[in-house]
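Descriptive structure summary
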Amino acid sequence: MMFAKTVGLVAALGAVASAVPASHLGRRHPHAHSHNLLHRRDNITSDGVQITNNMDQTVYLWSVGDVASDMTTLNSGDTYSETWRTNPNGGGISIKMALTEQATDVLQYEYTLEDPTIWWDLSCIDMGSNSQFTTVGFAVTSDDSTCVSASCAPGDAQCADAYLLPDDNWATHSCNSNILMTLNLGPGANSTTPA
């Protein structure tokens with residue numbers, strides 16, 4: 001099923017507000033262009049994020065800015081890569097991950113590029129406490145030791161490193177945008193160390 005053909009799903013995904021604080025959403029990257037579309041590369045080495053599915057089940061993923069990308073299917077062991085991009089409407093980008101094609105129980109990796117800074121967070125606001133993501137855990141690390149990491153241990157439904165409520169602004173972090181961030185979903189996520 002192609003995401004662009006699912007009008008109801010696009011509306012549902014687009015309606016989810018980003019947890020990135022408003023002070024970081026109002027600014028538009030000075031080099032943003034209205035044709036700035038999703039650029040996906042395999043094996044990126046900096047300036048982006050890689051998401052690896054270490055779970056025993058398929059993860060469905062959408063990258064959402066002013067429009068949503070087509071759905072990407074990550075089978076167990078697959079990795080999705082995205083270079084940092086800007087949202088032409090001035091907001092942030094939300095990479096939404098779900099365990100169904102209907103995008104229910106959504107875990108979000110959110111970021112806003114304000115070069116030379118990348119503001120990022122994990123959001124569990126649209127994810128139920130009984131989600132399989134909570135059961136297996138997930139973690140973000142980077143290749144820069146000065147950039148903070150974030151992890152939610154298996155079973156931790158009250159993870160302090162992620163947004164659980166819209167005003168959990170302590171869960172937003174900033175790093176140099178010339179960085180490779182890695183989000184591991186599932187077993188081994190919390191033992192991952194930066195490269």
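Above this note sits the structure.
In what follows, the accompanying structure is described. (Residues numbered from 1 in each chain as written. Predicted model: local features only at pLDDT ≥ 70, side-chain atom pairs only at ≥ 80, totals over all residues. Heavy atoms only, no water.)

Considerations on the overall build of the protein chain
Under the convention used in this document: Helical segments are the DSSP runs of H or I of at least four residues, strand segments are the runs of E of at least two, and each set is numbered from the N terminus. The buried label applies to any residue whose accessible area, calculated with a 1.4 Å probe on protein chains only, is under 20% of its type's maximum; exposed applies above 50%, and partly exposed to all values in between. Only heavy atoms enter the contact rule, under which two residues are in contact if any of them lie within 4.5 Å. Here the accessible surface of atoms and residues is derived via Shrake-Rupley with a 1.4 Å probe, and residues count as covered only by protein chains that are part of the display.
Within the protein chain, the secondary structure is distributed over 3 helices and 11 strands. Traced from its N-terminal end to its C-terminal end, the protein chain shows the element sequence α-α-β-β-β-β-β-β-β-α-β-β-β-β. For the protein chain, buried positions account for 50% of its 195 residues. Residue pairs at least 24 apart in sequence account for 66% of intrachain contacts in the protein chain once pairs closer than 6 positions are excluded. Total accessible area computed for the protein chain in this model is approximately 8,900 Å², and 51% of it derives from carbon and sulfur atoms.

Describing the packing of aromatic side chains
Note the following rule: Each Phe, Tyr or Trp ring, with Trp reduced to its six-membered ring, pairs with another whose centre is within 6.5 Å; inter-plane angles below 30 degrees give stacked pairs, above 60 give edge-to-face pairs, and intermediate values give tilted ones.
Under the counting rule described, the total for this entry stands at 3 aromatic pairs. A centroid spacing of 6.3 Å and a plane angle of 50 degrees characterise the contact between Tyr109 and Tyr111, whose relative ring orientation is tilted. Neither Tyr109 nor Tyr111 differs from the other in exposure class; each is buried. With a relative accessible area of 0%, Tyr109 lands in the buried category. One aromatic cluster is present, formed by Trp84, Tyr109, Tyr111 and Trp120 through successive ring pairs.

A look at the sheet that holds strand S9 (residues 150–152)
Operational definition: Two strands pair under a simple rule: DSSP has to find at least two bridges between them. Only the contacting stretch of a helix is used when fitting its axis, a line to C-alpha atoms as for every element, and angles between N-to-C directions run 0 to 180 degrees.
The strand order S4-S1-S11-S8-S9 describes an open sheet built from 5 strands, whose pairing is mixed. With partners counted over all chains shown, the strands left at the sheet margins are strand S4 (79–83) and S9, one partner each. For this sheet, the mean angle separating the axes of adjacent strands, direction not counted, is 15 degrees. For strand S1 (residues 48–53) and strand S11 (residues 180–185), the ladder comprises 6 bridges, and the chain directions are parallel. Directly across from Asn53, in S11, lies its bridge partner Leu185.

Thoughts on the side chain of Thr134
Here Thr134 is to be found in helix H3 (residues 132–136). Among the residues examined, Thr134 registers a relative accessible area of 7% and is labelled buried. Other than its neighbours up to four places away in sequence, Thr134 contacts Met127, Gly128, Ser129, Ala153, Pro154, Gly155, Asp156 and Ala157.

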